[in-house]
Amino acid sequence: MQINVSQLLQAPVGTERDYQVSDVVDVAGDGNGRQVEGKVRLIRTPRSILVKGGLSTDVELTCSRCLSVFNAPLALNVEDEYHPTVDVVSGTPLPPPEEPGSFTIDTHHILDLTEAIRQYTLLAIPMKPVCREDCAGLCQNCGENLNQGPCGCPSPVTDPRWSELTRLL
Ligand SMILES: [Zn+2]
Ligand SMILES: [Zn+2]
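Residues numbered from 1 in each chain as written. Chains lettered and ligands numbered in written order. Predicted model: local features only at pLDDT ≥ 70, side-chain atom pairs only at ≥ 80, totals over all residues. Heavy atoms only, no water.

A short note on the coordination of the zinc ion (ligand 2)
- Binding of the zinc ion (ligand 2) to the protein goes through Cys 139 (SG), Cys 142 (SG), Cys 151 (SG) and Cys 153 (SG), at separations of 2.2 to 2.3 Å.
- Each of the four donor atoms around the zinc ion (ligand 2) contributes to a set of angles spanning 105 to 113 degrees, which defines the coordination as tetrahedral.
- Positions of the donor residues of the zinc ion (ligand 2) along the chain correspond to the pattern C-x2-C-x8-C-x1-C. Of this pair, Cys 139 sits in the loop between helix H2 (114-124) and helix H3 (160-168) while Cys 151 is found in the loop between H2 and H3, placing the two residues 12 residues apart along the sequence. (Donors = N, O, S within 2.8 Å, 3.2 Å for Na, K, Ca; no water. Tetrahedral: all angles 85-135°; square planar, octahedral: opposite > 155°, others 65-115°. Helix = DSSP H or I, 4+ residues; strand = E, 2+ residues; numbered from the N terminus.)

Quick look at the pairing of strand S4 (residues 49-62)
- In the sheet, strand S3 (residues 34-44) pairs with S4 via eight bridges, with the strands oriented antiparallel. Within S4, the residue paired with Gly 38 across the bridge is Leu 55.
- Here S4 runs beside strand S5 (residues 69-84); their pairing, made up of 14 bridges, is antiparallel. Residue pairing across strands places Ser 56 opposite Ala 75, the latter belonging to S5.
- In sequence, S4 turns back onto S5 through a hairpin of six residues, with Leu 67 there showing a positive phi of about 65 degrees. (Pairing = 2+ DSSP bridges.)

Digging into the coordination of the zinc ion (ligand 1)
- Binding of the zinc ion (ligand 1) to the protein goes through Cys 63 (SG), Cys 66 (SG), Cys 131 (SG) and Cys 135 (SG), at separations of 2.2 to 2.3 Å.
- Viewed at the metal, the four donor atoms of the zinc ion (ligand 1) are separated by angles of 105 to 115 degrees, and the geometry they form is tetrahedral.
- Between consecutive donors of the zinc ion (ligand 1), the numbers of intervening residues give the motif C-x2-C-x64-C-x3-C. A residue pair is termed long-range when its members are at least 10 positions apart, and Cys 66 in the loop between S4 and S5 and Cys 131 in the loop between H2 and H3 qualify at 65 residues.
- Taking relative accessible area as the criterion, Cys 131 reaches 25% and is therefore assigned partly exposed. (Buried < 20%, exposed > 50% of the residue type's maximum accessible area, 1.4 Å probe, protein only.)

Here's the deal with the packing of aromatic side chains
- Enumeration over the complete set of coordinates arrives at one aromatic pair.
- Pairing Tyr 82 with Phe 103 gives two aromatic rings, centres 5.0 Å apart and planes at 20 degrees, and the pair type is stacked. Here the residue Tyr 82 occupies a position in strand S5, and Phe 103 occupies one in strand S6 (residues 103-105), the gap between them amounting to 21 residues.
- Of the residues examined, Phe 103 reaches a relative accessible area of 12% and is grouped as buried. (Phe/Tyr/Trp six-rings, centres within 6.5 Å; stacked < 30°, edge-to-face > 60°.)

Okay, structure coming up:
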């Protein structure tokens, strides 16, 4: 996910460039490439290049209720500044950006979105993923996946949220 920005760095402040993104990125850092699609706009600012855009990808998650593995689509709203590390005309090294952890453009004027996409992906993954909103989860009694129908346990199976309520009452 690399974009050569040497021309944009030499363009006047406010210059914009749009890029269509369609690439395979190891978004979760687990060695599995996932398709990333979308659009980004690169804007020349006085000291950096601002990247803004909307990307979509998907990751494999484990449902927190029924433990099945499913594909979750993720929407990534990207907005980051990338600071050049060398002057584009003279090649002189530039001082590092003031904000720690800022993204940089390498000495060959390559702006690499991979790390940002990884970070946005991690942020977009829900804490308690569910395979679907109405996932029935596993039977508390026999552990069967209730999405595949009733398990045949004698007592009516209660939703864990209800048993929590009963306990409180
Ligand atoms: Zn589930
Ligand atoms: Zn059961």
